[in-house]
Every structure is written in structure tokens, then in C-alpha cells.
Amino acid sequence: MLKTLRDLFRYNREFAIGSMLMAVILGMAALSAFSPYPPANIYVVPPDMPPSWAHPFGTNSRGQDVFWQLTFAMRNTLLFGFAVAFLSRLLSLLIGLVAGYQGGLTDRVLMSINDTFIVIPLFPLLILFYFVMRDYMNWVLLTLVIACLGWAYDARLIRSIMMSLKTREFTQTSVFSGMKMHEIVVREHLPYVLPIVFSTTLNNINWSIGLEVTLSVLGFTDINRPTVGTMIFWANQHSAMVAGVWWWFVFPTAFITLTFIALFLLAVSMNEYIDPRSRLARMGMGGA
Amino acid sequence: MVKANGKAGNGPVPAEPILSVRNLRAYYQMQYFGIDREVRAVDDITLQVNRNEIYGVAGESSCGKTSLIKTIAAANRPPLNVIGGSVKYSFLDRDIFRMSEEELSRVRWKHLSYIMQGSMNVLNPVRRIRKSFIDFAFRHINKPEREFFDIVARHLERLRLSPSVLKAYPHELSGGMRQRVTIALATICRPEFIIADEPTTALDVVVQKDVLAMIREVQQEMGSSILFVTHDMTVHANMADRLGIMYAGRLVEEAPTREIFANPLHPYTAHLIQSLPRIGDLSPKKALPGAPPNLSDPPAGCRFHPRCPLAMDICRRENPALTALRPGHRVACFAASSEVRPVSEIRETVPPKVAEARS
Amino acid sequence: MSDLLIVDSVTKSYAFGGLFGRGTFKAVDNVSFTLEAARPEIFTIVGESGSGKTTLARMILNLIAPTSGTIRFRGTDLNAIRGSRARMDFMRHVQPIFQNPFEVFNPLKKVDHYLFMTARRFAGASKTAEVEAHADAALQKVGLSLAEVKGRFPHELSGGQLQRTAIARALIPGPSLLVADEPVSMVDASLRMSIVNLFRTLRDDLRVSIIYITHDLATAYYISDRIIIMQKGVVVESGPARQVLDNPQHPYSILLKESVLSPETIGEGILGLARHTGEGPPEASAEGGAATRTLAQPRSS
């Protein structure tokens, strides 16, 4: 595993750049543990100070240090992305595997639910949800809701992979070797499915962070919890762009953009690395 | 770029090379995250195809025959790289590897065309057959559309295909019909040289015979040459004028087909011919021990020696050169060239000593 | 109980077409034959793509159910095999051998995993040493040994070795019937006869009956005891293999035999004589016959 990472780092430029960016971003989030100011407090520093040695990213109109505020925002945003991705991967894996292997009625029922989730418009639904649940809104609830909306595409993808794996001769060999359905799925098919799950995870983190930022910027989330989205929301509330407090929105925007780029590069390099064909080629197959 | 455009007519033409391949080497060179691999798919191959003949290339899977024809057509793409050697066609004024992509595209299909195993590689599934004819041949024939389709229709009729196939989509035709259409497509420009890669492998036996007959007929009518690649020795027996046997990236024997079947000199060829099951023949057929070598790590010396019933010391150390032992019959085998004798009569039980074998 | 397998007027039909104009197409049409338990034999089913031979094999393996007719294995109707215990019991006696040796084992898994699994589930072995002994014994029967196969991935073995390993796996439960669907069509010429000869050894020494499904008349002639020739789901000719192939009676069998190329005909120009014997006039296949033909190919080649 370590050797794999070292090889990837050495031979794959996307992976090298992506992982370095990711290290910077994770480092930023980790710094939140050392913040001198609690994230929710306001007017702890003089407001509207431009970047300086004392406040490297400046201070905002609410009297908060933008740098330390951003460490919390990055931590919360990433945590949100990872949590959504983890939960929605579980759902898509379970539903995709079962639908693909079982087929028949199970498949039809699961896929009709799946397709419902694919076609319903996400954004109006989320806004509606916010208005209904406004008083109970917190990030755990939002995580659950977005995870429940984010599995459908990949469940379909996993199902289609399962269906093609099911028709391969080695599945029949497994059946006639006396293996049970769950053993075949876990031991024979999962090695083909997991790489895809892994690379969709990175895409799913990107997607959920994007959704969270959009909702937060518009104020449809718990605005008292610092995330990259809520930082930009407060900057807009205080007309930072007009008032010339550019550091208030430029730094969060820059960091979230870097996060998107890092995740995208990692997803691309992972895709190439874990493609079963390229894997077989490394195992010494390939060629003539 | 293109020299003579004259087509050879019917009738016997003295051996006049249309393709000469010299010391051709093409290796797969791959890099996967730090692991370098080199697969010697085509290793020092020298052969010549004459005008108006079908030259068969026989060999098992991954013996390099597909890589060979890709390289000969200059259609090899990385990781398959040409390491050395030359490929010259009589209708080109220089080595095919020295030509630009644009020059090649003017030659392809008009002078050099292909019949492939899967007809769907050539026929676009969402376009009618007539569109495929336009795509491939229109600019080479360079006539107004009406005249072009007159030529196409006449060509189809000559191949006993109804011009109504032009209106069909590929999936509306049976496998045999599709393959006949690809043959019509490959021969519409009356090319001098055709490369046929396992053209009948996916077909049923009844259809296979028809399609082979069609290829043979169109070749004789146009006087073209065909490099015909298949693993099926019975097809070669009935199709090829001359036959080259490949083993592990090398050409191990080459002779006129009748000669090679009657008197194979290389033990591998002898085995291939002996082990062919036939209807009406119940004599026990033996299989060769071992398996073809891995081309990324081939055995030293003769690549066949680990499986060879005649292997001698020298076979383990040195690579036998392809030498002519009889007129037109070349073989790469120390045992065969040490004394010319009917290797075909050697059975597996014969001890690997040359001295004891009959001469 | 003297019959091993009874295939009794078996038909399998598939529906095709959309909302309008549905029709049915018979992949296998009223096929019957019997294999005797006391006399193991190599029973060959010959046919081209679309002849229904693979569908028939899948029905005998109880992977799909016939539309009508019954298949009995040792007196038990395959339709009555329900539940995992009954199914395991059936698989103990009937094992398949597939076409593509490179696809028989999961390319990402070691080959021995399947041998060990089969030994655990069917041969009652539980200790590692016992399991390995079963696997080795089976591999010895096919001319290999566990040392050659253990820890290897499929791509590290040749097609012939893989196919023999697949046969060894199928032998571990001690089956009385093997169903081999085109087992040598993707094995190289120099290794093919090792598989074909192995079938003969299995029949004679282990007394296993083998249903050998192929399109290749030459190997069929070489090893079969009895043969049936199928065309479009129907058995057109059946009988002792040499008798049928030496002297075929049905026009389709005659055509099949005539189409087989042989090295004896070098330079005799037999290819020049064969004109449109196969698909009738090309006009006919261009449009009309084509639709049914594509339907008539349930992936059997």
C-alpha cells in the first residue's frame, strides 16, 4: 500500500499535485485545533483589518480573524463532505450490489426507487426542506438528507457493473464451486466494484461540498456554524465586496477552489490507477 | 509516392515480390508505475510475399502474428514500437515507416487494404452499408457519385452479392453476409495487397467455406496478393500458396503449402500437422508438452527447445537462423538442418538424440 | 435407476418482439435422449451458432428451466430441485466445463482458491492439508500437480493449463456427469489434443459421462461415442458418432460434413466449388432471413 502510494506519487503528476494540495488543505483544517479564538465568538479582534503579520488573512466586519475562521470552515466543510460521501457510498453499494446480483423483481423495485431519486429536482427539494425543518436545522441533519439524495447515480453504475460480472464465466465457476450468493458478491465481485466506489467517493465529496456551499451562501443552512459557504454568506450580508473587505471572501473562495481541484486531480489519477485493466497490466498480463 | 499503378493481370507471373520484410522487430514497450516491460512480439522476421499469391501466416495465440500484421501495415501504435528492420512494398517508393500519416492514408484502402475478423470493426453499426462504401472508397475512386455507385454495384454483382445490401444496416445482415460485405469493401479499389486477419474465425463452418471461396476468387480475379493470418491449419491447407509458421515471435518455417504439409522440417510444424484431427481418422493424436513461452521472458536459444522432442545442447544456447534447406523451404531448426530428414516421422517417444533418428 | 440422465421432449422457447406482434422462438425444440449410468460415454452435441446447443447445456446444468418437457437426473426431475441443499447435491454430481479458459477463473484471484473452495464445499474436507490433498489428487488426474498451480494467477498459466485446472476443479466433487460447452475452441492447437485426450481418459478411468458440445466435427469424430446434430433447435440426426459422421443421412449433416476443411484437400481447389451452399441465394439473407438469424443466436459461440 505504501509502495503503491510512493509509485503513484513518483509516476503520476496528477496524483502528486493533487495530494500536495490535499495536504495543504488538510493541514489548514487541522490548524483549527490551535485556534486562539472560539469560532462562534464575534468582535474578538479589531474589525476590517487588511492582511498583516498579526492577521495573515485580515479580519472581517464581525471582528473575527479570517485565517482562524477559515481553519474551522475548512474543517467543517471537509467533515461534511466526507460524511456525506461515506453514507451515500454505503447506500449505493448496498442497493447496487443487491439489485445487480439478484435481478428480477428486487432489481425492478430498487431501480424504480433509484430512478425517482435521479429525476427529482434536488435544489427546490432542499430549499423546501430548509423551510420545513428550519428550527431543527443542523449539520448532522443536512448530512443525512444530502447523503440520501446522493447515492442514486452510483447505485445504477454499480448495478450495471454487477450485471456484467454476473454473466462472466467465473461467476458460474464460483456457483459450481459451492459458493453462496453473498460469498460470490463479496469475494469475487467486490474487487471490481470497490475501485469504482472509491473514485466516485472523491467525486461525491466534491458534489456535496458544492451543494453545501451553494445552500450556505444563500443562507439555507445553519448559518451559525462556520463553513466555507457560511463565511461567504456573512461576507455578503456585510456587503464585503462593496466595502472593499476583499480578503473576507477571496480567501474562502480560493481555498474551496483548491479543494475542488485537489479532489478532481486525485479522482482522475485514482481512476487510471485502479482501472482493472491497468491493474492486470501491472500484475504482468498486458501485451501481445 | 506511388510508383506503378499497373495491375497484374491473370496468368502466372514469375515470383516478383510485392512485399519484402527484412529483419523486422517490433516490441511492446510498457511502463506501469515504474515497472518496465518489454514483450518481443515480432522478433527478427524476414519474409517476402510475391505478386498474385496468398501467403499464410500460422501460429497460436500471442505468437505475435497480429503484431506482425499491424507492423507490416504501419498501423502499430504505442506501446507496440518498431525497433528495427524494414517493410517495403513494390508500389511504394520507400520504406513504409518513412511515410507520413497523410501519405499513408492515400495508400491505404487503394493499394493496401484489410479484411478483419470482426466485420463490425469496419462497418459502422449506425450507418447503412452504402455510407461505409462512401467513407472508405469514394475519395480513392474519385468519380461522380452516380458513377461511383455503378462501380460499387458491378463489384458487388461480381462477388455475387445483391446491390440491395447497400441499403441495409450492418445488424440486418447475418455474420457471413457482413463478412462478405467487408470483403467487397476491401477489394472495391482493386488493391495490390490485402491483409486478412482471421477473416473467418468467428463464422460457422458452412459459411466459412463460402467466405474463403470468395476471398480466393476475388484474389485470382484481381491478381492481388494476400497476407492471410489464421491459427487454423486446415484453412491454410486450402487457402495459402505459401505458408509461414510463427512461434513465439519468430518465423520458424516457411515453404509452399503442399510442401510444408507433406514434409514439415520443424518439429513444431510437424506436430501441428500431425495433431490435426480429421473425420475418418481415429489414430491417437498427441499433444505437445509444456506451453508457449511468455514473450516478455522468452527462453534462451531456440524458443521452442523446452517443448521440443529433438532438443540438443546447441538449441539451449543459440538461436537457429532461418535457412533454406530446399528450394523455397526455409526452416529455423538445428536438428533439421544438421541432416535433412523427415522430421514428420518423429514421434514423442523418440529419444532426443539426432544420431538415432532415421535419415 | 439405470439411467443417468433422461432428456424427454425438452423445448425452450423465448418470447421476442415489443408491445405489438409478440412471437415466440424455439431455441430448443422437442429434444430427447438418454444417458445410461452403467455405461459412461462421451455424448456429443454438434451444431452451429443458433442451433440451441448451449441452451440445451444450460438446461441440463439446471441454470434455466425448460418451457416444456422434463430433464431427469438419476430419476429426479430438475424442476424439483429447490433450495440450496438440493442444489448443492445436484452440483456434486453434475459439473460444467466452460468455453473460455481465460474467463473461467476470476483474473484478480488465485486459481487455487476455486479448487480449495470446491474441496471444502463438496468433498467434505475442512483442514488445510485435507483440502490441498483433494486439490492435488484432482490435478494429478488431469496431468498437473498442486505445486504447478498453487498461488498462481490465471494470467500466469497457459490456456491449456487453465482448462485442465478447470476440469480438475470440476472433478473434485466426484461427479458422474460433466457438461463441456466448446471446451477446446479457445485452446491453442498445440495444447488442444491434451484436453480432448483427457476426456477419453476421464470416461475410461474415472467412468465419468461427458456431454461434449462443439461445432467441430473433427474432434467430435475423434472422441465421441454417440452424437446428435442440431439445427435451429431441432435434432436432425443422431446415432453412433462414427456411423453418423462417416455416412451422414440428413441433408444438413451432409452439408456440415462437406463444409469441414481438411488438410487432405490441399490444392484440390475445393474452395472454388463451394458456391452459396450455405445461406441460399445472397438476396434471401440480405433482409428477410437476417432478423430471425440474429434472434436465433442466444450467445452460443
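These figures come from a predicted structure and were not determined experimentally.

Glancing now at the interface of chain B and chain C. Every contact between the two is made by 57 residues of chain B and, on the other side, 48 residues of chain C. When the buried area of chain B at its contact with chain C is split by residue, Val206(B), Lys209(B) and Ile279(B) rank highest and sum to 16% of it. At the junction of chain B and chain C, the tally comes to 0 salt bridges. Summed over the shared surface of chain B and chain C, the result is 8 residue pairs in polar contact (both at pLDDT 80 or more). Listed by contribution, the elements that provide at least two residues to the side of chain B that touches chain C are helix H5 (175–187), helix H6 (205–222), helix H7 (233–239), helix H8 (257–262) and helix H9 (267–274) of chain B. At 10 residues, H6(B) tops the list of elements feeding residues into the side of chain B that touches chain C. Tallied by class, the residues present in the side of chain B that touches chain C amount to 27 nonpolar, 16 polar and 14 charged.

For the structure shown, the criterion picks out 33 salt bridges over all chains. Two residues, Arg156(A) and Asp115(A), come together in a salt bridge whose shortest N-O distance is 2.9 Å. Pair noted here: Arg156(A) is in helix H7 (residues 152–166) and Asp115(A) is in helix H4 (residues 104–119), with a separation of 41 residues, a long-range link. Judged by relative accessible area, which is 30%, Arg156(A) ranks as partly exposed. Across the salt bridge formed by Lys65(B) and Glu198(B), the nearest N and O atoms sit 3.8 Å from each other. Pair noted here: Lys65(B) is in helix H1 (residues 65–72) and Glu198(B) is in the loop between strand E6 (193–197) and H6, with a separation of 133 residues, a long-range link. Each member of the pair, Lys65(B) together with Glu198(B), is buried.

Moving on: the UniProt feature "transmembrane region" (unreviewed entry) in chain A. All names here are of chain A. On the UniProt side, "transmembrane region" (unreviewed entry) is annotated at positions that read residues 15–34, 78–101, 113–133, 139–158 and 245–268 here. Helix and strand shares over residues 78–101 are 100% and 0% respectively, and the end C-alpha atoms of the span are 34 Å apart. When the span residues 245–268 is considered, its composition is 92% helix and 0% strand, and the gap between its end C-alpha atoms is 36 Å.

Moving on: the packing of aromatic side chains. Summed over all chains, the structure comprises 25 aromatic pairs over all chains. Pairwise contacts between aromatic rings join Phe57(A), Phe67(A), Trp68(A), Trp246(A), Trp247(A), Phe251(A) and Phe255(A) into one cluster. Its guanidinium or amino end placed over the ring of Phe149(B), Arg130(B) lies 4.5 Å from that ring's centre, counting from NZ or CZ. Of note, Arg242(C) hangs over the ring of Tyr221(C), and the distance from its end group to the ring centre comes to 5.7 Å.

In contact at an axis separation of 8 Å, H6(B) and helix H10 (residues 251–259) of chain C are set at 50 degrees when each is read in the N-to-C sense. For the element pair H6(B) / H10(C), the angle class is oblique. Viewed along their axes, H6(B) and H10(C) form a crossing whose handedness is left-handed. Contact residues: H6(B) offers Val205(B), Val206(B) and Lys209(B), while H10(C) offers Leu255(C), Leu256(C), Glu258(C) and Ser259(C). Classifying every residue of the contact of H6(B) with H10(C) by side-chain character gives 4 nonpolar, 1 polar and 2 charged.

Residues and elements named next belong to chain A. One can find Ile 161 in helix H7. In this structure Ile 161 comes out as buried when scored by relative accessible area, which is 17%. Taking the C-alpha atoms as reference points, Ile 161 and Ile 196, separated by 35 residues in sequence, lie 9.5 Å from one another. Ile 161 has contacts with Val 193 and Ile 196, leaving out every residue within four places of it along the chain.

By way of backbone hydrogen bonds, the strands of a sheet pair with one another, either parallel or antiparallel. Residue and element names in this part refer to chain C. Pairing is mixed across the open sheet formed by 6 strands, whose spatial order is E6-E7-E8-E3-E9-E10. Each edge of the open sheet is held by one strand with a lone partner, namely strand E6 (94–97) and strand E10 (234–240). Here the average twist between neighbouring strands, direction ignored, is 15 degrees. Pairing of E6 with strand E7 (residues 177–181) involves 4 bridges; the strand directions are parallel. In the sheet register, Pro 96 faces E7, and the bridge partner there is Val 179. Together, E6 and E7 form the strand contacts of helix H2 (residues 83–93), whose direction differs from that of E6 by roughly 65 degrees.

Here we take up the sheet that holds strand E5 (residues 76–77) of chain C. All names here are of chain C. Ordered by their spatial adjacency, 4 strands build an open sheet running E2-E1-E4-E5, and the pairing between neighbours is antiparallel. Each edge of the open sheet carries a strand with a single partner, namely strand E2 (23–36) and E5. In the packing of helix H1 (residues 53–60) onto the sheet, contacts are made with strand E1 (3–16), E2 and strand E4 (68–73), and the angle to E2 comes to roughly 60 degrees.

All names here are of chain A. All chains considered together, the criterion is met by 7 cavities of 30 Å³ or more. Here the largest cavity is characterised by a volume of approximately 90 Å³. Every residue along the wall of the largest cavity is listed here: Asn 76, Phe 80, Met 137, Asn 138, Trp 139, Leu 142, Glu 212, Ser 216, Thr 221, Asp 222, Arg 225 and Thr 227. Every element with two or more residues in the lining of the largest cavity is listed here: helix H3 (66–102), helix H6 (139–149) and helix H9 (181–217). Taken together, the residues of the lining of the largest cavity sort by class into 4 nonpolar, 5 polar and 3 charged.

Here we take up the environment of Ala119(C). All names here are of chain C. Along the chain, Ala 119 turns up in helix H3 (residues 112–122). On the basis of relative accessible area, Ala 119 is assigned to the buried category, the value being 0%. With 52 residues separating them along the chain, Ala 119 and Leu 171 place their C-alpha atoms 9.8 Å apart. Not counting residues within four places of it along the chain, the set of residues in contact with Ala 119 comprises Gly 124, Ala 125, Val 131, His 134 and Ile 172.

On to H9(B). Among the 8 residues of H9(B), 7 are classified as buried, and the element is accordingly described as predominantly covered. Every buried residue belonging to H9(B) is among Pro267(B), Tyr268(B), Thr269(B), Ala270(B), His271(B), Leu272(B) and Ile273(B), and all of these are buried. If you follow the buried residues of H9(B), they end up packed against H7, strand E8 (242–247), strand E9 (250–256) and H8 of chain B together with helix H7 (189–205) of chain C.

A few words now on unusual backbone geometry. Outside of glycine, negative phi angles account for most residues, and trans bonds account for most peptide bonds. Residues and elements named next belong to chain B. Here Pro 78 and Pro 79 are connected by a cis peptide whose omega angle stands at 10 degrees. Structurally, Pro 79 can be placed in the loop between H1 and strand E4 (80–89). The phi dihedral of Asn 52 falls on the positive side, at around 60 degrees, and the residue is not glycine. Within the secondary structure, Asn 52 is located in the loop between strand E2 (35–50) and strand E3 (54–58).

Criteria and cut-off values
Residues numbered from 1 in each chain as written. Chains lettered and ligands numbered in written order. Predicted model: local features only at pLDDT ≥ 70, side-chain atom pairs only at ≥ 80, totals over all residues. Heavy atoms only, no water. Contact = heavy atoms within 4.5 Å. Buried area = accessible area lost by both parts, 1.4 Å probe. Salt bridge = Lys/Arg side-chain N within 4 Å of Asp/Glu carboxyl O. Polar contact = N/O pair within 3.5 Å; in protein donor to acceptor, adjacent residues only side chain to side chain. Helix = DSSP H or I, 4+ residues; strand = E, 2+ residues; numbered from the N terminus. Nonpolar A, V, L, I, M, F, W, Y, C, P; charged D, E, K, R; others polar. Buried < 20%, exposed > 50% of the residue type's maximum accessible area, 1.4 Å probe, protein only. UniProt positions renumbered as here; feature names shortened; annotations may be inferred. Phe/Tyr/Trp six-rings, centres within 6.5 Å; stacked < 30°, edge-to-face > 60°. Lys NZ or Arg CZ within 6 Å of the ring centre and 35° of its normal. Axes fitted to C-alpha atoms, helices over the stretch in contact; angles between N-to-C directions. Parallel < 35°, antiparallel > 145°, perpendicular 65-115°, else oblique. Left-handed = near helix turned anticlockwise from the far one by under 90°. Pairing = 2+ DSSP bridges. 1 Å grid on protein atoms, 1.4 Å probe; cavity = no way out; pocket = protein on both sides within 12 Å on 5 of 7 lines; lining within 4 Å. Points joined across faces, edges and corners; volume = space filled by probe spheres on them.

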